[in-house]
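Architecture at a glance
So the chains spell out like this:
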Amino acid sequence: MPTPAAAIATRAYAPLPPSGKWKDDADTHRPVSILSTLGAVVGYDRNAEIYGEDASAEHVYVVLSGAVRICKLLGDGRRQIEAFCLPGDVFGWEASGRHRFSAESVCDTKVVRIKRSMLFARASDDAELSHALWSLTVAELHRAQNHLLVLGRKNAQERVATFLVDIAARSGASTDEVLLPMSRQDIADYLGLTIETVSRTLTHLEERGAIALPSSRRVVLRDRNALRQLNS
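All values reported here derive from a predicted model rather than from experimental measurement.

**Here we look at the pattern of salt bridges**
Evaluated as defined, the whole model comprises 15 salt bridges. One salt bridge connects Lys115 with Glu58, and the closest N-O pair in it is separated by 3.8 Å. Placement of Lys115 in strand β8 (residues 109-115) and of Glu58 in the loop between β2 (49-51) and β3 (59-65) is noted, with a sequence separation of 57 residues between them. Given a relative accessible area of 39%, Glu58 falls into the partly exposed group. Salt bridges sharing common partners tie together Arg69, Arg79, Glu104, Asp186 and Asp189.

Structure (structure tokens):
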């Protein structure tokens, strides 16, 4: 039976196009498949710390299953979640030798842990791996830029709608039902809102018929057009 890392690599791997190069706008499936074969699979229980703020940045990680939150505890005790990493996402990138944020498992999670020094050493002599790192870095930059726009320019209803559309797209759900691995407090800390505002906004979207809430972690996207309009 193949390992989780091998399963991702087998599923995502595809030969290079005839030109021998990837397009600049190519998705990250192939780069993730390359990285997933270079490390060891590690499991974390719910709410376990993967690495702490200011810890030595010795590894890069690929999420195989579950979810990871990248977060920082502010001086006044508040928490800001910078990103949620889902299966296929890569995290742990740092420009310096230490982590600026902490990484924690949201639920039972498996990741591939890859030695950073080995990865960069191989990339210096491997054009395909080097391009994979470039593609994944650009994808991470795009996610950060989009999140900045959400926090800086959107109201509470638009933020929650954007979050639901994004999670549904990234989770690859084949139906309109999305299972959220994160709590409402997690969502609030990610969107820069209070948990009360998140709960009220979800109730309001349900009353409008845009979503249904069978439970606190299950969301049915009943009117994707309405959600997309709020996300535009």
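**Side note on the sheet that holds β3**
On the basis of which strands lie adjacent, the open sheet formed by 4 strands has the order β1-β8-β3-β6 and antiparallel pairing. In the strand order of this sheet, the two ends are held by β1 (40-44) and β6 (90-91), each with one partner. In this sheet, β6 lies alongside β3 in antiparallel orientation, the contact comprising 2 bridges. Directly across from Tyr61, in β6, lies its bridge partner Phe91. The sheet strands contacting helix α3 (residues 116-123) are β3 and β8, and the helix crosses β8 at an angle near 60°.

**Remarks on the packing of aromatic side chains**
Evaluation of the coordinates by the stated rule reveals 6 aromatic pairs. Plain terms: the ring middles of Tyr51 and Tyr61 are 5.7 Å apart, the flat faces sit at 35° to each other, and that makes the pair tilted. Placement of Tyr51 in strand β2 and of Tyr61 in strand β3 is noted, with a sequence separation of 10 residues between them. Relative accessible area serves as the criterion here: at 5%, Tyr61 is assigned to the buried category. Ring geometry for Tyr51 and Phe91: centres 6.2 Å apart, planes at 35°, overall tilted. On the criterion of sequence distance, the pair formed by Tyr51 in strand β2 and Phe91 in strand β6 is long-range, its members being 40 residues apart. Given a relative accessible area of 3%, Phe91 falls into the buried group. Following the ring pairs from residue to residue traces out a cluster consisting of Tyr51, Tyr61 and Phe91. Above the ring of Phe101, the side-chain terminus of Lys72 is found at 4.9 Å from the ring centroid.

Reading the values: rules and limits
Residues numbered from 1 in each chain as written. Predicted model: local features only at pLDDT ≥ 70, side-chain atom pairs only at ≥ 80, totals over all residues. Heavy atoms only, no water. Salt bridge = Lys/Arg side-chain N within 4 Å of Asp/Glu carboxyl O. Helix = DSSP H or I, 4+ residues; strand = E, 2+ residues; numbered from the N terminus. Buried < 20%, exposed > 50% of the residue type's maximum accessible area, 1.4 Å probe, protein only. Pairing = 2+ DSSP bridges. Contact = heavy atoms within 4.5 Å. Axes fitted to C-alpha atoms, helices over the stretch in contact; angles between N-to-C directions. Phe/Tyr/Trp six-rings, centres within 6.5 Å; stacked < 30°, edge-to-face > 60°. Lys NZ or Arg CZ within 6 Å of the ring centre and 35° of its normal.

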